[in-house]
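# Observations on the model geometry
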Amino acid sequence: MYMTTFSLILFIGIISSINTLNCYSCLSRGEHTTDCHDPLNINGTGITIVSVTTTDAICTKIVGKLNNNERFSLRKGSLTGCPNGLNSSEIVGNLTDLQVTNLKIYCCNKHFCNHGVKRERFHYFLLFFLFIIMYVI
């Protein structure tokens with residue numbers, strides 16, 4: 001009985017150690033804003049929450065200008081770690097005459113840090129708490 005309970009608790013701990021990271025996701029370009037520029041208005045239009053669930057999960061904030069002097073802000077979750085660059089089509093779509101300049105990429109690995117706690121710590125606390133309860137009962 002105790003071995004089965006312990007195995008179940010251990011299994012829960014292993015499954016729950018998968019990183020789940022919630023990040024803000026939005027895009028603002030020029031004056032047509034979705035409140036994605038700094039300071040981020042989390043209640044603004046077009047602000048959504050994405051969950052990324054890989055061991056390389058990261059939240060990103062990418063800011064820059066276009067060659068027409070429009071500034072942009074892009075916030076999103078990345079499944080593959082901190083990006084090295086940006087595909088300009090994420091900002092301008094199919095417009096080939098606009099190019100990204102002055103690019104700055106910020107990456108963080110905390111819950112909502114792009115303005116993120118990995119849930120892993122909470123799950124280990126839950127695992128410990130369940131173990132204590134099992135021991136007492």
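One can find the structure itself at the top, above this paragraph.
Fair warning: this is a prediction, and the values are worked out from it, not measured in the lab. (Residues numbered from 1 in each chain as written. Predicted model: local features only at pLDDT ≥ 70, side-chain atom pairs only at ≥ 80, totals over all residues. Heavy atoms only, no water.)

### Focus: the overall build of the chain
Helix and strand content of the chain: 3 helices and 5 strands. Starting at the N terminus and ending at the C terminus, the chain contains elements arranged as α-β-β-β-β-α-β-α. Taking all 137 residues of the chain together, 31% fall into the buried category. Put simply, the chain shows about 8,800 Å² of open surface, and 60% of that area lies on carbon and sulfur atoms. (Helix = DSSP H or I, 4+ residues; strand = E, 2+ residues; numbered from the N terminus. Buried < 20%, exposed > 50% of the residue type's maximum accessible area, 1.4 Å probe, protein only. Areas by Shrake-Rupley, 256 points an atom, 1.4 Å probe, with all protein chains shown as cover.)

### Focus: the sheet that holds strand β4 (residues 71-78)
The 5 strands are arranged β2-β1-β4-β3-β5 in an open sheet whose pairing can be described as antiparallel. In this open sheet, the two strands that pair with only one neighbour each are β2 (48-52) and β5 (100-108). Pairs of neighbouring strands in the sheet enclose a mean axial angle of 25°, with direction left out of account. Summarising the sheet, strand β3 (residues 58-66) and β5 pair through 7 bridges and their orientation is antiparallel. In the sheet register, Ile 62 faces β5, and the bridge partner there is Ile 105. (Pairing = 2+ DSSP bridges. Axes fitted to C-alpha atoms, helices over the stretch in contact; angles between N-to-C directions.)

### Re the side chain of Ser 73
When you line up the elements, Ser 73 lands in strand β4. The exposure class assigned to Ser 73 is buried, which follows from its relative accessible area of 4%. Separated by 2.9 Å, the side chains of Ser 73 and His 37 make a polar contact. Once you skip the residues sitting within four places of it in the chain, Ser 73 turns out to touch Cys 26, Leu 27, Ser 28, Cys 36, His 37, Ile 62 and Val 63. (Polar contact = N/O pair within 3.5 Å; in protein donor to acceptor, adjacent residues only side chain to side chain. Contact = heavy atoms within 4.5 Å.)

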